[in-house]
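Spelled out from the first residue to the last, the chains are:
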Amino acid sequence: MTSGGDIYWKPAVLGATQEIYVTLTQIDAAASEIDLLLKSQSNTSWSSGMVEVWYDPANHRVQVWTYTSSQGWVQYGTDIPVTFVNGDQFGARATADGKVEVYRNGVLLANRDINAWPYAKSGGSIGLWFINAGNMLLDNFGGG
């Protein structure tokens, strides 16, 4: 793995209800971002619009963000305090009614309403995005 970048699963567009999860086998404590991507409006780039469920290991928090070129980056709700440890599963689910749920080991941590985002009820692609995570190891990626 390189130190960062975004990657998308399959070229097919998924429905309006989506989930994504990955086991954080080895967490890079120096990583700026460990992100789950949902409802991406492109399967090659974030710039067309997406939901980002961002884990910040240094500050022990998850944040839910969206992006569109017209709105820029928008955070939904407050930080979700959590500390993932090696072997934990990081997961998220976006619903057809404009909600995003965040999970740790299959347990719901919090949810956020993203209905102010233009693509909240749309489908799209799922993926992962890392920044400064050269020592990150992952396993058991899944979703759909």
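The text that follows walks through the structure, step by step, so that each part is easy to find. (Residues numbered from 1 in each chain as written. Predicted model: local features only at pLDDT ≥ 70, side-chain atom pairs only at ≥ 80, totals over all residues. Heavy atoms only, no water.)

1. A closer look at the overall build of the chain
The helix and strand inventory of the chain stands at zero helices and eleven strands. When the elements of the chain are put in sequence order from the N terminus, they spell out β-β-β-β-β-β-β-β-β-β-β. The C-alpha radius of gyration of the chain comes to 14 Å, within 12% of the 15 Å expected for a compact globule of 144 residues. By its C-alpha atoms, the chain is 35 × 30 × 25 Å across when sized along the principal axes. Evaluated residue by residue, the chain yields a buried proportion of 44% over its 144 residues. Taking all contacts inside the chain whose residues are at least 6 apart in sequence as the whole, residues at least 24 apart take part in 63%. (Helix = DSSP H or I, 4+ residues; strand = E, 2+ residues; numbered from the N terminus. Rg over C-alpha atoms; globule rule 2.2 N^0.38 Å. Buried < 20%, exposed > 50% of the residue type's maximum accessible area, 1.4 Å probe, protein only. Contact = heavy atoms within 4.5 Å.)

2. What to know about the pairing of strand 3 (residues 33-40)
In terms of burial, strand 3 is largely enclosed, as eight of its eight residues are buried. Examined bridge by bridge, strand 3 and strand 10 (residues 124-131) share six bridges and lie antiparallel to one another. The partner of Ser-40 across the bridge, within strand 10, is Ser-125. Where strand 3 and strand 4 (residues 50-56) come together, five bridges link them in antiparallel fashion. For Leu-36, the partnering residue across the bridge sits in strand 4 and is Val-53. (Pairing = 2+ DSSP bridges.)

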